[in-house]
Amino acid sequence: MIETQLLSGTVVAAAVKEEVAARVVALAKRDKSVGLATVLVGEDPASEVYVRNKRRTAENLGIKSIHHQLPADTSQGEVDDLILRLNEDPAVNGILVQLPLPAGLDGERTVNLIDPTKDADGLHPSNLGKLILGRPGLTPCTPTGVMRILEHYGIEVTGRHAVVIGRSFLVGRPLALLFNQKGVDATVTMAHSRTPNLAAVARAADIVVAAVGVPKLVGPDFVKPGATVIDVGINRTDDGLVGDADFEALQGIAGAMTPVPKGVGPMTVAMLMHNTVTAAEAACSRGNRPSSPVVVER
Ligand code: GUN
């Protein structure tokens, strides 16, 4: 009988946050403060919770939280102007626009306006492009957090077969690239909701990542005995918060597994702080100039 190891995102996030706090102190000694701007448009309750959590975590780590709350009927021009102001503000090292934006606003356009050197979410096309090229840059928080959990618990990735279920630009696609990078060297299958025989595809994996938004999709038929299961799903159901994997049914089958909550979720916030302090260190070395001008098409 396999005893399934619990991979606690809370534990790994605490280690990341401790490292971030120390780097914030080191910058303070060089007279450099660290600031994270959060932009929340509208009143989506889940987004409000996420942003509150990000702001609180920033303050706990000595990062100044600069929050902009805008009404749902804010125009795209007003959002654009705010982002351009934040790009120019030397007190702002990281900019996070909580997605999705309300109907009528263009999330992709808005993220594209962020100065890539302040892109704390790692979602700007310039940073995603660097990820494809294997060059250093700010990487998306949730996928980077997944890699950090695996590293923390010493789960071998090199030479292993990872199956990533889900192809969102926030999680699945960048995560597949991280698994695939030189030096990490996993073999990756990018699966999704339309993959035929999905269970059989997942069953071939040493590491299964579920990031599709289907409650309890990944059950015993998806998991090879002893495989690691990383559950990125956060589904609000009548039974409360449920992941994309069936946590109970996989006990004794998975070798190791993240829970929901307290799995990948806390890592997204921790890696946001990590990116923010990394951006602040880079700004400090550059003398605060943005790396390249941002061109706005009106
Ligand atoms: N909405 C859901 N996840 C995320 C995230 O990681 N970043 C942003 N900006 N919005 C999100």
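Everything below is about the structure printed above this text.
None of these values were measured; they are calculated from a predicted model.

Rules used in this analysis
Residues numbered from 1 in each chain as written. Predicted model: local features only at pLDDT ≥ 70, side-chain atom pairs only at ≥ 80, totals over all residues. Heavy atoms only, no water. Core = buried A, V, L, I, M, F, W, Y, C linked by side-chain atoms within 4.5 Å. Buried < 20%, exposed > 50% of the residue type's maximum accessible area, 1.4 Å probe, protein only. Helix = DSSP H or I, 4+ residues; strand = E, 2+ residues; numbered from the N terminus. Contact = heavy atoms within 4.5 Å. Pairing = 2+ DSSP bridges. Axes fitted to C-alpha atoms, helices over the stretch in contact; angles between N-to-C directions. Near = heavy atom within 4 Å. Polar contact = N/O pair within 3.5 Å; in protein donor to acceptor, adjacent residues only side chain to side chain. Areas by Shrake-Rupley, 256 points an atom, 1.4 Å probe, with all protein chains shown as cover. Parallel < 35°, antiparallel > 145°, perpendicular 65-115°, else oblique. Left-handed = near helix turned anticlockwise from the far one by under 90°. Nonpolar A, V, L, I, M, F, W, Y, C, P; charged D, E, K, R; others polar. Salt bridge = Lys/Arg side-chain N within 4 Å of Asp/Glu carboxyl O. 1 Å grid on protein atoms, 1.4 Å probe; cavity = no way out; pocket = protein on both sides within 12 Å on 5 of 7 lines; lining within 4 Å. Points joined across faces, edges and corners; volume = space filled by probe spheres on them.

## Describing the nonpolar core
Of all hydrophobic cores here, the largest spans 44 residues; its most connected members are Phe179, Ile230 and Met273. For this core, the elements supplying multiple residues, two or more each, are helix 1 (9-29), helix 6 (141-152), strand 5 (161-165), helix 7 (172-180), strand 7 (207-210) and helix 9 (264-286). Among the elements that make up this core, the one with the highest residue count is helix 9 (nine residues). Apart from residues no more than four positions distant in its own chain, Met273 is found in contact with Val20, Leu36, Lys54, Thr57, Ala58, Leu61 and Ile63.

## Regarding the sheet that holds strand 3 (residues 64-70)
The three strands lie next to each other as 3-2-4, forming an open sheet whose pairing is parallel. The sheet is open, and its two borders are formed by strand 3 and strand 4 (94-97), each paired with just one other strand. Between one strand axis and the next, the sheet turns through 15° on average, direction left out of account. Across four bridges, the pairing between strand 2 (residues 35-41) and strand 4 is parallel. Directly across from Leu36, in strand 4, lies its bridge partner Gly94.

## Remarks on the site of the ligand
Near the ligand you find Leu96, Val97, Gln98, Leu99, Asp121, Leu170 and Thr268, and these make up its full shell. Between Gln98 and the ligand, the recorded distance is 3.3 Å, taken from a side-chain N or O atom to a nitrogen atom. In the environment of the ligand, a nitrogen atom lies 2.4 Å from a nitrogen or oxygen atom belonging to the side chain of Asp121. Computed on the free molecule, the ligand has an accessible area of 270 Å², of which 83% lies beneath the protein chains in the complex.

## Considering the packing of helix 1 against helix 9
At a closest axis distance of 9 Å, the pairing of helix 1 and helix 9 adopts a crossing angle of 20°. Judged by the angle between their axes, helix 1 and helix 9 are roughly parallel. The handedness of the crossing between helix 1 and helix 9 is left-handed. Within the contact between the two elements, helix 1 uses Gly9, Thr10, Val12, Ala13, Val16, Lys17, Glu19, Val20, Arg23, Val24 and Leu27 and helix 9 uses Pro266, Met267, Ala270, Met271, Met273, His274, Val277, Thr278, Ala280, Glu281 and Cys284. Residue composition of the contact of helix 1 with helix 9, grouped by class: 14 nonpolar, four polar and four charged.

## Details of unusual backbone geometry
Here the bond from Leu99 into Pro100 is cis, since omega is 0°, no more than 30 degrees from zero. With respect to the helices and strands, Pro100 occurs in the loop between strand 4 and helix 4 (107-113). Across the junction of Val260 and Pro261, the peptide omega takes the value 0°, indicating a cis bond. Here Pro261 lies in the loop between strand 11 (256-257) and helix 9. Positioned with a positive phi, Asp185 is a non-glycine residue whose angle comes to about 65°.

## Some points on the side chain of Thr228
Secondary-structure assignment places Thr228 in strand 8 (residues 228-231). For Thr228, the residues in contact, after removing those within four places along its chain, are Leu7, Leu150, Ile155, Asp206, Ile207, Val208 and Ala256.

## Examining the pattern of salt bridges
Scanning all chains against the criterion turns up five salt bridges. In this structure, Glu19 engages Arg148 in a salt bridge whose closest nitrogen and oxygen atoms are separated by 2.9 Å. Of the two residues, Glu19 is situated in helix 1 and Arg148 in helix 6; the sequence distance between them amounts to 129 residues. Via salt bridges that share partners, Glu19, Arg23, Arg148 and Glu281 belong to a single interconnected network.

## What about helix 7?
The set of residues buried in helix 7 consists of Gly172, Pro174, Leu175, Ala176, Leu178 and Phe179. As for helix 7, its buried residues are in contact with helix 5 (125-133), helix 6, strand 5, strand 6 (187-191) and strand 7.

## Here's the deal with the layout of surface pockets
Any space left empty among the atoms is revealed by the rolling of a water-sized probe across them. Of the volumes computed, that of the second largest pocket is approximately 270 Å³. Contributing elements (two or more residues each) for the lining of the second largest pocket: helix 4, helix 5 and helix 7. When residues in the lining of the second largest pocket are grouped by element, the largest group, four residues, is from helix 4. Of the residues contributing to the lining of the second largest pocket, the split by class is 10 nonpolar, two polar and two charged.

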